[in-house]
Amino acid sequence: MSERLFVLSQHLMPKLALTRLFGLFAEWRAGWLTRAAIRRFVARYQVDMSEAADSDIAGYATFNDFFTRALKPGARPMADSRLVCPVDGAVSQFGAIENGQIFQAKGRHYSAAALLAGNAALASRFADGHFATIYLSPRDYHRVHMPSAGRLLEMTYVPGDLYSVNPATARGVDRLFARNERVVCLFEGDDGQPFVMVLVGATIVGSMATVWHGVVNPPRRPAIHSWDYRQQDIRLAKGEEMGRFQLGSTVVLLYPAGPLRFDTSWQPAKPVRLGEAMAD
């Protein structure tokens, strides 16, 4: 299928219905059928089960149990850098936030305010700041970890579309990450500066969850909904798990203006792993 035709199919397909259907299957305890589906998935996407805490496919009662599998202790050591990569995946884009705009792909940008559910006041805190977008493919480890220590301030669920977030769709769909369903998490770092982690949903991503809230969706709320955690003193350490996806998706990170330098090895499409140096 050509890239243009693939993107066109994204506009036409019943994305929400497909996502709901897969969500039901992913939670179905179907015994041998579940194990067969997992084996097929492992073979199709060349998933490295030797890294999993439980490498035995028979140990997973549901597809979601497999997909959100934990890693063996020590499988992802943390680099000695200010910021570490929060996920396994591939670099989509990274760089400066210019005039409030975030670079998506050649010829395509979206505003930080749109990404943050129209919160212009919050977006202004990242004016002339920095961003990084990391894509998680189906084969990747799908838990999301902290790039640095942080205190949770608030979380916002933003309803939206469910386009695929793979590189072809990023090149072909305007404002992709600011129009898809997403969960915006605002933290305060040890230096007192804010940073944001946005978990972006996608077609067949049946659910997103955080460690402090549990499953955020479903249910899929019809309107933006926020939770304020400033009085709860929820603190997460660098490298600690903060959330997870039920299938491949994307994480967008925002940082305020300042002397932040991304790792010199980073470039679009570069495979990255949790714990590797991201920026200083």
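Refer to the structure above for everything that follows.
Residues numbered from 1 in each chain as written. Predicted model: local features only at pLDDT ≥ 70, side-chain atom pairs only at ≥ 80, totals over all residues. Heavy atoms only, no water.

Enquirer: Explain the sheet that holds strand β10 (residues 208-210) to me, please; I cannot follow it from the model alone.
Expert: Ordered in space as β6-β14-β10-β11, the four strands form an open sheet in which the pairing is antiparallel. What marks the edges here is a single partner per strand, and that holds for β6 (143-145) and β11 (214-217). Shown here is a sheet whose adjacent strand axes are inclined to one another by a mean of 25°, direction ignored. Alignment of β6 against strand β14 (residues 241-245), held across three bridges, turns out to be antiparallel. If you follow R143 over to β14, its bridge partner there is R244. (Pairing = 2+ DSSP bridges. Helix = DSSP H or I, 4+ residues; strand = E, 2+ residues; numbered from the N terminus. Axes fitted to C-alpha atoms, helices over the stretch in contact; angles between N-to-C directions.)

Enquirer: Where do I start with the layout of surface pockets in this structure?
Expert: Taken as a whole, the second largest pocket spans an internal volume of roughly 280 Å³. Lining of the second largest pocket is provided by 18 residues; of these, R76, D88, R139, D140 and Y141 occupy positions nearest its centre. Contributions of two or more residues to the lining of the second largest pocket are made by β2 (89-96) and β16 (271-272). (1 Å grid on protein atoms, 1.4 Å probe; cavity = no way out; pocket = protein on both sides within 12 Å on 5 of 7 lines; lining within 4 Å. Points joined across faces, edges and corners; volume = space filled by probe spheres on them.)

Enquirer: Explain a nonpolar patch on the surface to me, please; I cannot follow it from the model alone.
Expert: Where nonpolar side chains cluster on the molecular surface, the patch consists of W28, W32 and L33 and spans about 370 Å² of accessible area. Topologically, L33 is positioned in helix α3 (residues 32-45). (Patch = residues over 30% accessible without salt bridge, like charges linked within 9 Å, V, L, I, M, F, W, Y side chains within 5 Å. Areas by Shrake-Rupley, 256 points an atom, 1.4 Å probe, with all protein chains shown as cover. Salt bridge = Lys/Arg side-chain N within 4 Å of Asp/Glu carboxyl O.)

Enquirer: Help me out: how do you make sense of the nonpolar core in this one?
Expert: Note on soluble globular proteins: their nonpolar side chains tend to be buried together. Counting 36 residues, the largest nonpolar core has F187, W212, M242 and W266 as the members making the most contacts within it. Of all the secondary-structure elements, those providing two or more residues to this core are β5 (130-135), β7 (150-158), β8 (182-189), β9 (194-200), β14, β15 (250-255) and β17 (277-279). Among all residues touching F187, those that are not within four sequence positions of it are M146, G150, R151, L152, L153, Q193, P194, F195, M197, W212, L236 and M242. Formed by 28 residues, the second largest nonpolar core is a distinct cluster that contains F126, F131, A170 and F177. (Core = buried A, V, L, I, M, F, W, Y, C linked by side-chain atoms within 4.5 Å. Buried < 20%, exposed > 50% of the residue type's maximum accessible area, 1.4 Å probe, protein only. Contact = heavy atoms within 4.5 Å.)

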